[in-house]
Amino acid sequence: MSPISCYILCLETANAVTSVAISKDGQCIALGEVLEPNRAADKLHVLTEALLTEAGLSFADLNAVAISAGPGSYTGLRIAAAAAKGYCFSLDIPLIAIPTLQAMVEGVQTRYAQMEADVYVPMIDARRMEVFTSFYTNNKEIVRSFPSLVLDPTFEEMLQPELKYLLFGNGAIKAVNLLTGKDVSIINDFVPSAQDLCAEAWTKFKDGSFEDLAYYEPHYSKAFHSTMTDNHK
């Protein structure tokens, strides 16, 4: 039988921010965020414990853990995956993985009230002129997917002139000078949040769409290379 109320811990560290939310039946009831970049290692567990206290809950009350599954920061994804697996193993609860780009579309539609675009293009900075991105409909269905994409003058040719596009995320600024005649809007200040995972995590929980804890790995999109490796090729 399903519990009367379902509490899901949601973790977002795929981008520079560290964000934690607790949802009850798909609704965010507690949110903690550190906007200072790359603080997941020392802030993720602290935020989680503080939010549980704020919500009047304990770890034993959690029914699942949801994670922003990537693409995004290699280090951030690894930290959240390790934390989520630890919680799930110790509490004997399932792990839910939600594509980061899909969660970003949810966030721009709900928190930024952007519902009029034909095509949503979340963009995560992947260094130089490269971004992690996919094209989504307003129903969050993928219409075009990329392992990663280098933004160059051919990018504009991918956009259909009769459609209205919305580009957002910390990689969107790279496209500004490449766009001339298309109907394109750009949101430069979009910040991902764990609350954007809540609704989809609830849907996946009800559907029983869980990850295999023993074998789950985040979606990195491309192989990790350290700075030293990059400088010594």
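Note: the structure precedes this text.
1. Concerning the overall build of the protein
Thought 1: Helix and strand content of the protein: 5 helices and 11 strands.
Thought 2: Whereas a compact globule of 233 residues would reach a radius of gyration of roughly 17 Å, the protein reaches 18 Å, a difference of no more than 12%.
Thought 3: With the C-alpha coordinates of the protein rotated into their principal frame, the extents come out at 55 × 45 × 30 Å.
Thought 4: A sequence separation of at least 24 residues applies to 62% of the contacts in the protein between residues at least 6 apart.
Thought 5: Carbon and sulfur atoms form 51% of the exposed surface of the protein, whose accessible area is close to 11400 Å².
Thought 6: With 17 positive and 28 negative side-chain charges, the protein shows a spacing of 5 Å between the two charge centroids.

2. A closer look at the pattern of salt bridges
Thought 1: Under the counting rule described, the total for this entry stands at 6 salt bridges.
Thought 2: For R39, the salt bridge identified is with D42, shortest N-O distance 2.6 Å.
Thought 3: D42 gets classed as partly exposed once you look at its relative accessible area, which sits at 41%.
Thought 4: Three or more residues joined by partner-sharing salt bridges are found here, namely E36, R39 and D42.

3. So, the state of the cysteines
Thought 1: Taken as a whole and judged by the stated rule, the model has 0 disulfides.
Thought 2: Its sulfur unpaired, C10 is 4.1 Å from the next cysteine sulfur, which belongs to C198.
Thought 3: For C10, a relative accessible area of 0% translates into the label buried.
Thought 4: Overall, C198 belongs to the buried group, its relative accessible area being 2%.

About the cut-offs
Residues numbered from 1 in each chain as written. Predicted model: local features only at pLDDT ≥ 70, side-chain atom pairs only at ≥ 80, totals over all residues. Heavy atoms only, no water. Helix = DSSP H or I, 4+ residues; strand = E, 2+ residues; numbered from the N terminus. Rg over C-alpha atoms; globule rule 2.2 N^0.38 Å. Contact = heavy atoms within 4.5 Å. Areas by Shrake-Rupley, 256 points an atom, 1.4 Å probe, with all protein chains shown as cover. Lys, Arg positive; Asp, Glu negative; His and termini not counted. Charge placed at Lys NZ, Arg CZ, Asp CG, Glu CD. Salt bridge = Lys/Arg side-chain N within 4 Å of Asp/Glu carboxyl O. Buried < 20%, exposed > 50% of the residue type's maximum accessible area, 1.4 Å probe, protein only. Disulfide = S-S within 2.5 Å.

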